[in-house]
Amino acid sequence: LDSYLPRIAEALERHRAAVLVAAPGAGKTTRVPPSLVDRGRVLLLQPRRVAARAMARRIAEERGWTIGREIGWHIRFERQFTDQTRLLVVTEGILTAYLQQDPLLSDVATIVIDEFHERSVHADLGLAMAKQAWLARTDLRIVVMSATLDPKPVAAFLGGCPIVDVPGSLHPLEIEYGPGESTARALDVVLPRTRGYVLCFLPGAREINSAIAESSEVARRHDAELIPLHGSLDASAQDRALSPSSQRRIIVATNIAETSLTVSGVSAVIDSGLQKVASYDADRGVDALTTERITLDSADQRAGRAARLGPGIARRLWDARDRLRPHCEAEIHRVDLSALLLSILTWGAQPESFEWFDRPTDDRLESAMTLLARLGA
């Protein structure tokens, strides 16, 4: 990817915005943001807290930087940066809060929105609010990065900005299917055929704990350590799953490990094909988590984790004839929008006239405004 950095710099020079599409494992998160700090502070938006910390540590290690000095993070309940920090990794709610406090983001030179294809409500809102700061300032730059995004709508939203497409180069990947297999059975199949870590994808913490209990005997036979990785673990437990180990590891994770997180040494992936998704329950007036099939782009992202360092195996626990949806639906069309609208109102805009990247339907906006009124907000 380093050979594309001059093209990104040139696009920003000409247009002050660029959309970067790079295959998983190309190194976009660790290489692009640090290359942009010459103009001033870079704000790197990462969807998840564990990814924000891990990415900051990885960049610090590669650059010889110090956490809290040249690079740092600001995530919910945790700040690790100073006024001198040049690259600040933030999670989605933090970017929104910054924009509410200072709509022009006066002390930021470049905003980098990573993993935009996940289309969380905060990423959509962050892009829309950042665009207003970008229009108001002549020196603010925006980079939107993704692995599987259709870049044209984003480029159009940012005034027809350039698209930089970086081709990927994965090692050979063998994809096989084991419909209905348990995680333990799938581990028994792949462990003797690979030497590296195995990364297992399951929908949630309950399923992860159950799979770890069922797979303990298999892990013991292959002298491997079973490690959980999900959002409800505390920071030290999450960091442990990402730290190097001399012992072989089986990391059992949610889709937290699907994109921006790099779990080193993985040579095999076991994919349940399931994920937990938040969607609005109109009867109860709240968001509820439901388990559903993953999309094709998610399945490809997960499989690709096995072929970053060398030849890999991806074992999918569904039938090869099953047809997956190509892309996931943007969160903005699924979840309760009342908190989002409150953010927009706090920022000083009206939801009806707000320049959305992807506008929700009028009835969903009206429903969210009605809820805010009922709550006395």
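Please refer to the structure higher up on the page.
So, here's what we can say about the structure. Only a predicted model underlies this, so the values are computations on that prediction, with no experimental measurement involved.

With that settled, the discussion passes to the nonpolar core. Across soluble globular proteins, you tend to see nonpolar side chains buried next to one another. Ranked by internal contacts, the top residues of the largest apolar core, which has 48 residues, are F116, L127, V154, L158 and F354. Examining the composition of this core, we find that nine residues originate from one element, helix α5 (residues 121-136), more than from any other. With residues near it in sequence (within four places) discarded, F116 still touches A123, D124, L127, V144, M145, S146, L149, V154 and F357. Among the nonpolar cores identified, the runner-up in size contains 29 residues, and L5, M55, V143 and V166 belong to it.

This paragraph deals with the pattern of salt bridges. Taken as a whole, this structure holds 32 salt bridges when the rule is applied. With a shortest N-O distance of 3.3 Å, R57 and D239 are connected by a salt bridge. Highlighted residues: R57 in helix α3 (residues 49-63) and D239 in helix α9 (residues 235-242), separated in sequence by 182 residues. Where salt bridges share partners, they join E174, E176, E181, R193 and R315 into one cluster.

Right, let's talk about the sheet that holds strand β11 (residues 224-229) for a bit. Strand order across the open sheet formed by six strands is β9-β16-β13-β10-β12-β11, with parallel pairing between neighbours. Looking at strand neighbours, the two that pair on one side only are β9 (173-177) and β11, the edges of this open sheet. Averaged over all adjacent pairs, the angle separating strand axes in this sheet is 15°, with direction ignored. Sheet topology places β9 next to strand β16 (residues 312-316); five bridges connect them, and they run parallel. Residue pairing across strands places I175 opposite A314, the latter belonging to β16. Contacts between helix α7 (residues 183-190) and the sheet are confined to β9, β10 (197-201), β12 (248-253), β13 (266-271) and β16, with β13 contributing the most and set at about 150° to the helix. Along the sheet face, α9 touches β11 and β12 and points at about 135° away from the line of β11.

Rules used in this analysis
Residues numbered from 1 in each chain as written. Predicted model: local features only at pLDDT ≥ 70, side-chain atom pairs only at ≥ 80, totals over all residues. Heavy atoms only, no water. Core = buried A, V, L, I, M, F, W, Y, C linked by side-chain atoms within 4.5 Å. Buried < 20%, exposed > 50% of the residue type's maximum accessible area, 1.4 Å probe, protein only. Helix = DSSP H or I, 4+ residues; strand = E, 2+ residues; numbered from the N terminus. Contact = heavy atoms within 4.5 Å. Salt bridge = Lys/Arg side-chain N within 4 Å of Asp/Glu carboxyl O. Pairing = 2+ DSSP bridges. Axes fitted to C-alpha atoms, helices over the stretch in contact; angles between N-to-C directions.

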